[in-house]
Structures are given as C-alpha cells and as structure tokens.
Amino acid sequence: MIQYHDKILRSMLYTLQEIALTLLYLHLGFFRYIEMDQIVNVNEFQELARQALPKMYYDFYSGGAEDQHTLKENMEAFSRIMFRPRVLVDVTKIDMSTRILGYPLSAPIMIAPTGSHGLAHPEGETATAKAAAACNTIMIVSSMSSCTLEEVASSCNAVRFFQLYVFERRDVSAQVVRRAERAGYKAIVLTVDVPKLGRREADIKNKMIAPKLWNFEGLFSTKVKPSDGSGVEALASRALDASLNWKDIEWLRSITKLPILIKGILTREDALKAVEAGVDGIIVSNHGGRQLDYSPATITVLEEVVHVVKGRIPVLLDGGVRRGTDVFKALALGAKAVLIGRPVVYGLAAKGGDGVMKVIEMLKNEFELTLALSGCATIGDITRNHVRTEDERLKSNL
C-alpha cells in the first residue's frame, strides 16, 4: 500500500512539473514582442531569460556554488587582460574558420554541454542543435539533456559531440556511450570534476525538482523525493561514481572507438596526466563555477595548461565567455576554441532556437571585429604578443 501511494505522489509531482512547464511556455510568449534587433549584446539575453523563466529554473541555470566567487571571477578575469593591437595590416578579408579534431567550424566558438534545455524551451536540445548546425559549429550534447541523444542526432545533419558522466553503474554509462556512437556523435567529452555535486545553494533553497532525464529512461530510476532539498543534488549523490580515476580512461577507451576529450582540467599537473593517458583533447573548465568555489577562473590557468601540453592535443576553454574579445583573448593564450554555456541557454529561454543563433552570431561578429582591430586577418595571425595579462602589467610597474 505504501509503495502504491508513493507511485501516486511521484506521478502527481511530474504532472505538476508538466503544468509548470506549460505555464512557462505561455509566459515565454509574452516576451516575444522584444524584437531581435533590439538586443545589442549577448549579456542582454540573461535579463530576458530571468524575466521569462520561473525563479527555480533561472536560478538553476544561472547559479554557482556557495559564495559564487568562481562564477563571477570567470567573467571578470577576462576584463583584466588588455590588447596589444597591431596597425597598418590589410584586414579586408577576415577568415575565422578553424578545425577541431579535423571537423570544420565557421569560428572557434562551440556550444558547451549544459543540461535540461527543456526547462527553457519546449523543443529543448533539438532547437539548440538546429541553431548550432545553422551556425556551422559543434554542439556538445549533455548526457543530462531533456531530449534523448537520438532525438538530438536526428533533428539535423551536423557534427556533434556527446558529454558523459560516469555512474556507479558502469553498465549504464557504457550503454549511453554505445548509443552515442551508433547515433553518429563524433567524440566523447568526459566530465571529470564531479565526484560529488557542488553545493548550489539556490537549488537547495528552491528545492529544485530533478528534471526527467530521458537518456536514462528504463536504465535506472532518476526520480527523487522533493523533500530532499535539491532534487538535482539528491539524484547526483545517488548516481555519480566518486571512485572515477585516471585508470578509468582505459576503461572508457575499451568501450568506444571515438576520440575522448577530458573536461574539467585546471592545473598543469592534471594536464600532463591527461596527455600521458592518451586523451584526444582537454577542456579547461571549472564547471561554470558550479563545483568547487574559489577554483581559479579558467582564463587565468589556460596558459599553464597550454604550456605543458605543448601542442600535442587541442586545448579548449570553457567558462565566462561573453564577448568576441573574450574569444580572441583565449586564442591568444593558446586555446584552439572556446565553449559557451549559459549564454546559449539564456538565448534559448528568451527567443528559442533563433535566440541561440543570435547569441552565436553576435559572438562571431564581435570576434571578427576584434580580429580586424587587432591587425589579424585569420585566427592563425593571433599571437601571444597580442595580449597583456594582469601579471605582466604588474611586473612592468615594479
């Protein structure tokens, strides 16, 4: 009898969640009157998303861990890097194109893995995927997506990677990896900075409801009781494998032929271990400031990772990118491309797939202008001498 009532309560919970989503989408339509050409930079999408989303969902997307120092520092650290532009260079034609693992991008801007796009828009990750394809860039699809990895793959023809969390039940992770390979994903992005979920206090206060994770339907139960505080934290503590270690790279390689990138590296020591483990790429990331607060801003540790990698594998940067100038700074410090996360979700919440496209195109346009004003006709022209970090400025004043 108790089990029966528990099933009824869980069913009511998900029904209420569906009602809330329906009201959200009706509410979302109210903000459509704001014309796209009225938005002049990516940051303005955040306020539109805040107005459009229920507080619980907005806080889920925008919040960081504990004091949110790392969340803020990810963006502010970019402002302390200055340009050293070159002049009298022919920049009549600008070429922003590049390649990652051999796959072409129109610009070195990729979509980071972020979960539960269905809370922002009814089309969820399929809308994001179509926008990425239209902008000729690569989307990294989160394993915590609202749409199944197969639905995203069939939504449009494009190159995409799949992000993986490793669960205590390794058979579940293995099944998802094999599904991604069959669905045509071109690489696995292994997230390595979540042995346990960071303390996200807004989610605890809001008693964030764990979204339904369709990628794991039928593999294990993802339902948690709302009384557990943050449903996302309760689910993570039950599912994630805290024993994940460097030896498990071999396990992952044994179940897939796809290239493997590691996301969550912040030190030269771990970067060297990643190279020695034979991974195909590194993503410098602090999980958007959502894990260990007072971790360094990613742009401040990018160069030390690049130095130890020595060009053997590509290094990408995730965290804090909000301007085309940020993209340029990351490339000048050695990144091959940057990943954008929250701006994509804000664009999706405010304007659907068109909003995502607008976010990407605005960053591309700003990056193109930065190239021209810095005296670079291609991304290959960007050098370390085009920027000056805060440490360099301080030393010059001594």
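Throughout, residues of each chain are indexed from 1 in the direction in which the sequence is written. Restriction of local features to residues with pLDDT of at least 70 applies here, the model being predicted, together with a cutoff of 80 or more for giving and counting side-chain atom pairs; totals for whole chains, interfaces and linings are based on all residues. Side-chain descriptors were evaluated using all non-hydrogen atoms of the structure, hydrogens and water having been removed beforehand.

Asks: How do you make sense of the pattern of salt bridges when you look at a structure like this?
Replies: Opposite charge on two side chains permits them to pair, given that their charged atoms come into close proximity. We define a salt bridge as a side-chain nitrogen of Lys or Arg found within 4 Å of a carboxyl oxygen belonging to Asp or Glu. Under the criterion given, the structure shown has 15 salt bridges. Across the pair glutamate 150 and arginine 179 runs a salt bridge, and its minimum N-O distance is 2.8 Å. With a gap of 29 residues between them, glutamate 150 in helix H6 (residues 149-155) and arginine 179 in helix H7 (residues 170-182) connect regions that are remote in the sequence. Put simply, arginine 384 and glutamate 392 hold a salt bridge, and the shortest N to O gap is 2.9 Å. Note on glutamate 392: relative accessible area 31%, which makes it partly exposed. Linked by salt bridges that have partners in common, Glu73, Arg80 and Glu390 make up one network. The way it works is that DSSP assigns letters per residue, a run of H or I at least four long becomes a helix, a run of E at least two long becomes a strand, and they are numbered from the N terminus. Buried residues are those whose accessible area, probed at 1.4 Å on protein chains only, stays under 20% of the maximum for their type, while exposed residues exceed 50% and partly exposed ones sit between those limits.

Asks: In this structure, what is going on with the pairing of strand E11 (residues 337-340)? I would like to understand it.
Replies: Taken residue by residue, a regular strand's side chains alternate between the two faces of the sheet. Where burial is concerned, the two faces of E11 agree: the one with Ala337 and Leu339 and the one with Val338 and Ile340 are both buried. The rule for pairing is simple: two strands pair if DSSP sees at least two bridges between them. Here three bridges tie strand E4 (residues 109-111) to E11, and the two strands are oriented parallel to one another. Its bridge partner being in E11, isoleucine 111 is matched across the sheet by isoleucine 340. Across three bridges, strand E10 (residues 315-318) lies against E11 in parallel orientation. Opposite leucine 316, over in E11, you have alanine 337 as the bridge partner. This β-α-β element, E10 to helix H13 (residues 324-332) to E11, shows right-handed connectivity. A crossover gets the label right-handed when its path from the first strand over the helix to the second runs clockwise, viewed with the strands pointing away from the viewer.

Asks: Looking at this model, I keep getting lost on helix H5 (residues 124-134). Mind explaining?
Replies: Given 3.6 residues per turn, any residue in an α-helix points the same way as the ones three and four places further on. Counting buried positions over the eleven residues of H5 gives eight, a clear majority of the element. Of all the residues in H5, the buried ones are Gly124, Glu125, Thr126, Ala127, Thr128, Ala129, Ala131 and Ala132. Should any heavy atoms of two residues lie within 4.5 Å, those residues are counted as being in contact. Those residues of H5 that are buried lie in contact with E4, strand E5 (139-141), H6 and helix H14 (342-374).

Asks: Got a minute to help me understand the packing of helix H11 (residues 268-276) against helix H12 (residues 298-309) in this structure?
Replies: Packed helices, taken two at a time, are described by the angle between their axes plus the distance between the axes. Every axis in this analysis is a line fitted to C-alpha atoms, fitted for helices over the stretch in contact. Angles between the N-to-C directions lie between 0 and 180 degrees. Interhelical geometry of H11 versus H12 gives an angle of 35 degrees and a closest axis separation of 9 Å. Here H11 runs over H12; the crossing is right-handed. Contacts between H11 and H12 involve Arg268, Ala271, Leu272 and Val275 on the former and, on the latter, Glu304, Val305, Val308 and Val309. In the scheme used here, Gly and all other residues not listed as nonpolar or charged are polar, with Ala, Val, Leu, Ile, Met, Phe, Trp, Tyr, Cys and Pro taken as nonpolar and Asp, Glu, Lys and Arg as charged. Of the residues assigned to the contact of H11 with H12, the class counts are six nonpolar, no polar and two charged. Crossing handedness is defined as follows: a turn of the near helix away from the far one that is anticlockwise and smaller than a right angle gives a left-handed crossing, while the clockwise case is right-handed.

Asks: Please clarify how the packing of aromatic side chains should be interpreted in this entry.
Replies: The way to describe two aromatic rings as a pair is by their centre distance and the angle between their planes. Geometry of aromatic contacts follows a simple scheme: Phe, Tyr and Trp rings, the Trp one being its six-membered ring, pair when their centres are within 6.5 Å, and the pair is stacked under 30 degrees between planes, edge-to-face over 60, tilted otherwise. With the rule as written, the count across this model stands at five aromatic pairs. Judged by centre distance (6.5 Å) and plane angle (65 degrees), the ring pair of tyrosine 103 and phenylalanine 161 falls under edge-to-face. Of this pair, tyrosine 103 sits in strand E3 (residues 103-105) while phenylalanine 161 sits in strand E6 (residues 160-164), and the two are 58 residues apart along the sequence. Tyrosine 103 sits in the partly exposed class, given a relative accessible area of 24%. Lysine NZ or arginine CZ positioned within 6 Å of the ring centre and within 35 degrees of the ring normal marks a charge as sitting over the ring. Its guanidinium or amino end placed over the ring of tryptophan 251, arginine 170 lies 4.8 Å from that ring's centre, counting from NZ or CZ. Directly above the ring of phenylalanine 83 sits lysine 329, whose terminal nitrogen or CZ lies 5.3 Å from the centroid.

Asks: Hey, could you run me through the packing of H5 against H14 in this one?
Replies: Orientation of H5 relative to H14, taken along the N-to-C sense of each, is 15 degrees, at an axis distance of 8 Å. Classified by the angle their axes make, H5 and H14 are roughly parallel. Where H5 crosses over H14, the two elements pack in a sense that is left-handed. Between H5 and H14, the residues in contact are Gly124, Ala127, Thr128, Ala131, Ala132 and Ala134 and Val344, Leu348, Gly353, Val356, Met357 and Ile360, respectively. For the contact of H5 with H14, the class distribution of residues is nine nonpolar, three polar and no charged. In this scheme, roughly parallel covers angles under 35 degrees and roughly antiparallel covers those over 145, while 65 to 115 is roughly perpendicular and the rest are oblique.

Asks: What exactly am I supposed to notice about the pairing of strand E8 (residues 260-265) here?
Replies: Within E8, six of the six residues are buried, which leaves the element mostly enclosed by the surrounding structure. Here strand E7 (residues 188-191) pairs with E8 via four bridges, running parallel. Bridge pairing in E8 places leucine 190 opposite isoleucine 262. Pairing analysis gives four bridges linking E8 to strand E9 (residues 281-284), with the strands arranged parallel. Bridge pairing links isoleucine 265 to valine 284 in E9.

Asks: Would you take a moment to explain the environment of glutamate 368 for this structure?
Replies: For glutamate 368, the position within the fold is in helix H14. Judged by its relative accessible area of 31%, glutamate 368 falls in the partly exposed class. For the pair glutamate 368 and phenylalanine 328, spaced 40 residues apart in sequence, the C-alpha separation works out to 9.2 Å. Excluding its chain neighbours within four sequence positions, the residues that come into contact with glutamate 368 are Ile94 and Met96.

Asks: What is the right way to look at the environment of alanine 49 in this model?
Replies: Here alanine 49 lies in helix H2 (residues 44-52). With 294 residues separating them in the primary sequence, alanine 49 and proline 343 have C-alpha atoms 9.6 Å apart. Sequence-distant contacts of alanine 49, defined by excluding residues within four places in its chain, comprise Tyr58, Tyr346, Ala349 and Ala350.

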